[in-house]
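Here is how the chains run, residue by residue.
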Amino acid sequence: MKEVGIGMLGCGRIADLQCLGYLEHPRAKIVAVCDVDGELARRRAEEWGAHRSYTDLDRMLADPEVDAVEILTPHHLHEDHARAALGAGKHVSLQKPPTRTLEELDRVARAAEEAGRVLRIFENFMHYPPHVRAKQLIEEGAIGEPISVRLKTAAGRIGDGWEIQPQTQAWRMDPETCGGGPTTFDHGYHCYHMGQYFVPAEIDRVHAFIHWTKLGEKQWIDGPALISWRYAGLLPRYGSWEVIASLGMRVRSKYYASDDRTEIHGTEGLIWVNRCAGKLLDEPSLVLYRDGETRAFHDIEADWGESFRLGGIDFVDALLEGRTPRQTVAEARKTLAFALAAVRSAAEGREVSLAEVVT
Ligand SMILES: NC(=O)c1ccc[n+]([C@@H]2O[C@H](COP(=O)([O-])OP(=O)(O)OC[C@H]3O[C@@H](n4cnc5c(N)ncnc54)[C@H](O)[C@@H]3O)[C@@H](O)[C@H]2O)c1
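Predicted model, so just to flag it, every value in this text is computed and none were measured. (Residues numbered from 1 in each chain as written. Predicted model: local features only at pLDDT ≥ 70, side-chain atom pairs only at ≥ 80, totals over all residues. Heavy atoms only, no water.)

### Regarding the overall build of the chain
1) Next: Along its length, the chain carries 13 helices and 15 strands.
2) Next: Taking 2.2 N^0.38 as the reference for a compact globule, 359 residues should give roughly 21 Å; the C-alpha atoms of the chain span a radius of gyration of 20 Å, in line with that estimate.
3) Next: Considering only C-alpha atoms, the chain reaches an extent of 60 × 45 × 40 Å along its principal axes.
4) Next: Relative to its full complement of 359 residues, the chain shows a buried share of 55%.
5) Next: For the chain, the proportion of contacts with a sequence separation of at least 24, taken over those separated by at least 6, is 67%.
6) Next: Just so you have it, the chain exposes about 15,600 Å², and 51% of that area is on carbon and sulfur atoms.
7) Next: Between the centroid of the 43 positive side chains of the chain and the centroid of its 54 negative side chains there is a distance of 1 Å. (Helix = DSSP H or I, 4+ residues; strand = E, 2+ residues; numbered from the N terminus. Rg over C-alpha atoms; globule rule 2.2 N^0.38 Å. Buried < 20%, exposed > 50% of the residue type's maximum accessible area, 1.4 Å probe, protein only. Contact = heavy atoms within 4.5 Å. Areas by Shrake-Rupley, 256 points an atom, 1.4 Å probe, with all protein chains shown as cover. Lys, Arg positive; Asp, Glu negative; His and termini not counted. Charge placed at Lys NZ, Arg CZ, Asp CG, Glu CD.)

### Focus on the sheet that holds strand 3 (residues 52-54)
1) Next: Reading across from one edge, 3-2-1-4-5-6 is the order of the six strands in this open sheet, with parallel pairing throughout. Unpaired on one side and paired on the other, strand 3 and strand 6 (119-122) mark the two borders of the sheet. Averaged over all neighbouring strand pairs, the angle between strand axes comes to 25 degrees, with direction disregarded.
2) Next: Here four bridges tie strand 1 (residues 4-9) to strand 4 (residues 68-71), and the two strands are oriented parallel to one another. Note that in strand 4 the partner of isoleucine 6 across the bridge is alanine 68. (Pairing = 2+ DSSP bridges. Axes fitted to C-alpha atoms, helices over the stretch in contact; angles between N-to-C directions.)

### Remarks on the site of the ligand
1) Next: What surrounds the ligand is a group of 28 residues, the closest being Asp35, His75, Asn124, Thr168 and Trp171.
2) Next: Isoleucine 14 is positioned with one of its backbone polar atoms (N or O) 2.9 Å from an oxygen atom of the ligand.
3) Next: Between the ligand and threonine 73, the relevant distance is 3.5 Å, taken from an oxygen atom to a main-chain nitrogen or oxygen of the residue.
4) Next: Summarising the interface, the protein chains cover 88% of the accessible area of the ligand, which totals 850 Å² for the free molecule.
5) Next: Those elements giving two or more residues to the shell around the ligand turn out to be helix 5 (78-87), helix 8 (166-173) and helix 10 (182-198).
6) Next: Per-element tally for the shell around the ligand: the top contributor is helix 8, with three residues. (Near = heavy atom within 4 Å. Polar contact = N/O pair within 3.5 Å; in protein donor to acceptor, adjacent residues only side chain to side chain.)

### Some thoughts on the pattern of salt bridges
1) Next: Under the counting rule described, the total for this entry stands at 37 salt bridges.
2) Next: Notably, a salt bridge pairs glutamate 263 with arginine 150, separated by 3.2 Å at the nearest N-O pair. With glutamate 263 in strand 11 (residues 258-266) and arginine 150 in strand 7 (residues 146-155), the pair connects residues that are 113 residues apart, well separated along the chain.
3) Next: Arginine 275 is paired through a salt bridge with aspartate 282; the nearest N and O atoms lie 3.9 Å apart. (Salt bridge = Lys/Arg side-chain N within 4 Å of Asp/Glu carboxyl O.)

### Considerations on the pairing of strand 13 (residues 286-290)
1) Next: Where strand 12 (residues 269-273) meets strand 13, five bridges bridge the pair, whose relative direction is antiparallel. Within strand 13, the position partnered with tryptophan 272 by the bridge is valine 287.
2) Next: Of the strand pairs in this sheet, strand 13 and strand 14 (residues 293-297) are connected by five bridges, and their pairing is antiparallel. Paired with arginine 290 across the strands is glutamate 293, a residue of strand 14.

### A short note on the side chain of arginine 120
1) Next: Relative to the helices and strands, arginine 120 is located in strand 6.
2) Next: Despite its burial, arginine 120 remains without a salt bridge, the nearest opposite charge being carried by glutamate 70 at 4.1 Å.
3) Next: Reaching out from arginine 120, the side chain makes a polar contact with the side chain of serine 93 at a distance of 2.9 Å.

### Some remarks on the nonpolar core
1) Next: Counting residues in hydrophobic clusters, the biggest one holds 101 residues, and the most contacted among them are Ile271 and Trp304.
2) Next: By residue number, the principal contributor to this core is helix 12 (residues 329-348), which donates eight residues.
3) Next: The contacts of tryptophan 304, once residues within four sequence positions are left out, are Ile14, Leu17, Asn124, Phe125, Tyr128, Tyr255, Tyr256, Cys276 and Ala277. (Core = buried A, V, L, I, M, F, W, Y, C linked by side-chain atoms within 4.5 Å.)

### Remarks on unusual backbone geometry
Working note: non-glycine residues mostly have negative phi, and peptide bonds are mostly trans.
1) Next: In this model, glycine 223 is joined to proline 224 through a cis peptide bond whose omega is 0 degrees.
2) Next: By secondary structure assignment, the location of proline 224 is in strand 9 (residues 219-231).
3) Next: Following arginine 326, the chain continues into glutamine 327 via a peptide bond in cis, with omega recorded as 0 degrees.
4) Next: Inspection of the secondary structure puts glutamine 327 in the loop between helix 11 (305-321) and helix 12.
5) Next: A positive phi angle, close to 50 degrees, is found at aspartate 291, a residue other than glycine.
6) Next: Considering the arrangement of structural elements, one finds aspartate 291 in the loop between strand 13 and strand 14.

No statement about biological role is implied by the geometric values presented.
So this is what it looks like as structure tokens:
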């Protein structure tokens, strides 16, 4: 493959960032765009310099210039859209969470195998430069052995940050179309993955408190919440993620008005990642503590949009080089199982073993 022709499926909110790597890569081109909203698809095609816009996926899949499809549609459509694209011989980059259930994901994975095409699950936190640097420091032994991750998300004032269309909110707030809550399942997918990414041990047990706060007529948000988990091993180790619904607090952001921060504890030191989509305080994006010394990293690009740009470039490079892009399906399956265990734990009011969820 000399150049990768990308077909963008779904031109809503996140398409603004997901296009960045494809527009920049010298050997990629967005050649086609598809959205049920024809006017939106047409506008996006013009903006991205794509030759064609479609309102029907099958028509875009018949386009021979499309080598790979970037799927940016609501979660209840992911399985059908991914299987259709793979069945048409296209490679697929599928946004997190890949599907609502493990069964749906398994059917998509089978379709990729049968078609002999690449299936990449796109989880952007793993491409966010401060997270990448934290992982690199951990692998270099900067904090000894990583033994715990503590994540915190503070959702800020509604209406701050970038504009979110009511139809985007509607499918995300409906567990049937989203697969779970907008915070603890949808956004949570990133946080569960970070719990796995920084501590390379299997997670075997999860406990979750999830409170649903009413925002308006048919509008609910799943927060506050507190989710904790155990890493399997001879010595028990734990991680946690706290969600605060601070709905009167201003969180500066070009993106979602939500503050995410991460603390990774090692046997010999600590790393704090103080930023993600939100920019609450002007702190260094990464701080390392070890041996009585604290080092602040000011040289890391910390704009959240970077994670999308770099993730897009990685997908194209992987296709050109014939290597497997991450997240792999096996990794995504573990993250999805973790998310589903948290949702089940809160619903049933008990600790849940991952083995109960993984079928
Ligand atoms: N990585 C992240 O941080 C991040 C952030 C936001 C969204 N996302 C993911 O991106 C995906 C899209 O989210 P969004 O916020 O952009 O949603 P959105 O509702 O803004 O956009 C979805 C688009 O899909 C279109 N669509 C719906 N059905 C379609 C169909 N059958 N055929 C073609 N187009 C169709 C809609 O018209 C809409 O334009 C979801 O998987 C979501 O979880 C990821």
